Amino acid sequence: MREIVPDVQTWSVFMPDKGYAFNGYAIATEEGTVVIDPPEPVQDGWEVIDLLEPFASVWSTNRNHSRAAAAKPPL
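A. Structural detail: a nonpolar patch on the surface. Taken together, the side chains of Ile 4, Val 5 and Tyr 25 define a hydrophobic patch exposed on the protein surface, amounting to about 240 Å² of accessible area. Since its relative accessible area comes to 31%, Tyr 25 is described here as partly exposed.

B. Region of interest: the nonpolar core. Counting residues in hydrophobic clusters, the biggest one holds 7 residues: Trp 11, Val 13, Ala 26, Val 35, Trp 46, Ile 49 and Leu 52. Contributions of two or more residues to this core are made by strand S2 (8-15) and helix H1 (46-50). Aside from chain neighbours lying at most four places away, what touches Val 35 is Trp 11, Tyr 25, Ala 26, Phe 55, Ser 57, Val 58 and Trp 59.

C. Layout of the packing of aromatic side chains. Here the structure, examined in full by the defined rule, presents 1 aromatic pair. Relative to Phe 22, the ring of Tyr 20 has its centre 5.4 Å away and its plane inclined at 50°; by these criteria the two rings are tilted. Using a relative accessible area of 44% as the deciding quantity, one classes Tyr 20 as partly exposed.

D. Highlighting the pairing of strand S4 (residues 32-36). The buried count for S4 comes to 5 of 5 residues, which makes it a mostly enclosed element. In terms of strand pairing, S4 meets strand S5 (residues 55-59) through 4 bridges, oriented parallel. Within the sheet, the bridge partner assigned to Val 34 lies in S5 and is Ser 57.

Cut-offs applied
- Residues numbered from 1 in each chain as written.
- Predicted model: local features only at pLDDT ≥ 70, side-chain atom pairs only at ≥ 80, totals over all residues.
- Heavy atoms only, no water.
- Patch = residues over 30% accessible without salt bridge, like charges linked within 9 Å, V, L, I, M, F, W, Y side chains within 5 Å.
- Areas by Shrake-Rupley, 256 points an atom, 1.4 Å probe, with all protein chains shown as cover.
- Salt bridge = Lys/Arg side-chain N within 4 Å of Asp/Glu carboxyl O.
- Buried < 20%, exposed > 50% of the residue type's maximum accessible area, 1.4 Å probe, protein only.
- Core = buried A, V, L, I, M, F, W, Y, C linked by side-chain atoms within 4.5 Å.
- Helix = DSSP H or I, 4+ residues; strand = E, 2+ residues; numbered from the N terminus.
- Contact = heavy atoms within 4.5 Å.
- Phe/Tyr/Trp six-rings, centres within 6.5 Å; stacked < 30°, edge-to-face > 60°.
- Pairing = 2+ DSSP bridges.

Dropping the structure here:
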């Protein structure tokens, strides 16, 4: 995970079967972190995402982006 601008994090997961990387984003807001199109963070695991708690919501920008949105329930 890396910060691309203040309060906006991104991470990528390369999918060999697709031939490209899927990108997820986490945006810090006053209500909590908004996670957008989250691919499962293979290298660092969900622990890195957990550091961004509390969570406000998870957004999926299209039906093909559901990916790991429901893989880990909110705490």
